[in-house]
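Report on the structure
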Amino acid sequence: MLKRLAIMATLLATATTTFAVDAASGVTKFDLKDGSTVYLFKDGKMSMEDRLGRTVGMKPGHVMETRDGQKIIMIGNELARLNRIKAEERGGY
Ligand SMILES: [Cu+2]
């Protein structure tokens, strides 16, 4: 409950940001200007998904822009990790 309140507080503090937090996994998704999505993991590393939902690689250090104009710097390039999450969402491997 406290954790959920903390997440709510964070969401309110950055109300203009286009992102969503999955409470179970702790993964935060950001919508980018070009239609792709950034997945931010609890340990600070990230994965990318293109506008068609395909996992794509990106060099760490690359600057991305969210739909509302905020800049995110790519940290890590967790391809296998994102594929595993998406497989779990589909209901298995
Ligand atoms: Cu990226």
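This write-up is about the structure you can find in this document. (Residues numbered from 1 in each chain as written. Predicted model: local features only at pLDDT ≥ 70, side-chain atom pairs only at ≥ 80, totals over all residues.)

1. As for the overall build of the protein
What the protein contains, in helices and strands, is two helices and seven strands. Reading the secondary structure of the protein in the N-to-C direction produces α-β-β-β-β-β-β-β-α. Looking at the protein residue by residue over its 93 residues, the buried ones come to 10%. (Helix = DSSP H or I, 4+ residues; strand = E, 2+ residues; numbered from the N terminus. Buried ≥ 20, exposed ≤ 12 C-beta atoms within 10 Å, placed from the backbone.)

2. Remarks on the nonpolar core
The biggest cluster of nonpolar side chains holds seven residues, and these are F30, V38, Y39, L40, M46, M48 and L82. Element by element, the count of residues in this core is highest for strand β3 (residues 37-40), at three residues. If we ignore the near neighbours within four places in the chain, the residues touching L82 are Y39, S47, E49 and T55. (Core = buried A, V, L, I, M, F, W, Y, C linked by C-beta atoms within 7 Å. Contact = placed C-beta atoms within 7 Å.)

3. What about the sheet that holds strand β4 (residues 46-49)?
The antiparallel open sheet is built from five strands, whose spatial order is β1-β2-β3-β4-β5. Each edge of the sheet is formed by a strand with only one pairing partner; in this case those strands are β1 (19-21) and β5 (55-56). The pairing of β3 with β4 spans four bridges and is antiparallel. Residue pairing for β4: L40 is matched across the bridge by M46. This element, helix α2 (residues 79-90), spans β3, β4 and β5 of the sheet and lies at about 65 degrees to β4. (Pairing = 2+ DSSP bridges. Axes fitted to C-alpha atoms, helices over the stretch in contact; angles between N-to-C directions.)

4. What to know about the pairing of β3
The pairing of strand β2 (residues 28-31) with β3 spans four bridges and is classified as antiparallel. Bridge assignment links D31 to a residue of β3, and that residue is T37. Linkage of β3 to β4, two consecutive antiparallel strands, is achieved through a turn of five residues, within which G44 is found at a positive phi near 95 degrees.

5. A short note on the pairing of β2
Within a regular strand, the side chains alternate between the two sheet faces. When β1 meets β2, the two strands line up antiparallel, connected through three bridges. Among the inter-strand pairings, F19 is bridged to a residue of β2, identified as F30. Hairpin connection, β2 to β3: the antiparallel pair is bridged by five residues, and G35 has positive phi, about 95 degrees.

6. Examining α2
End to end, α2 covers 17 Å across 12 residues, agreeing with the expected 16 Å (1.5 Å per residue, within 8%). Counting buried residues along α2, only one of its 12 residues qualify, which leaves the element largely exposed. Positive backbone phi, at 100 degrees, marks G91, one or two positions downstream of α2. (Expected span 1.5 Å × (residues − 1).)

7. Looking at the environment of H62
When you line up the elements, H62 lands in the loop between β5 and β6 (63-65). Along the primary structure H62 and I72 are separated by 10 residues, whereas in three dimensions their C-alpha atoms are 8.3 Å apart.

No statement about biological role is implied by the geometric values presented.
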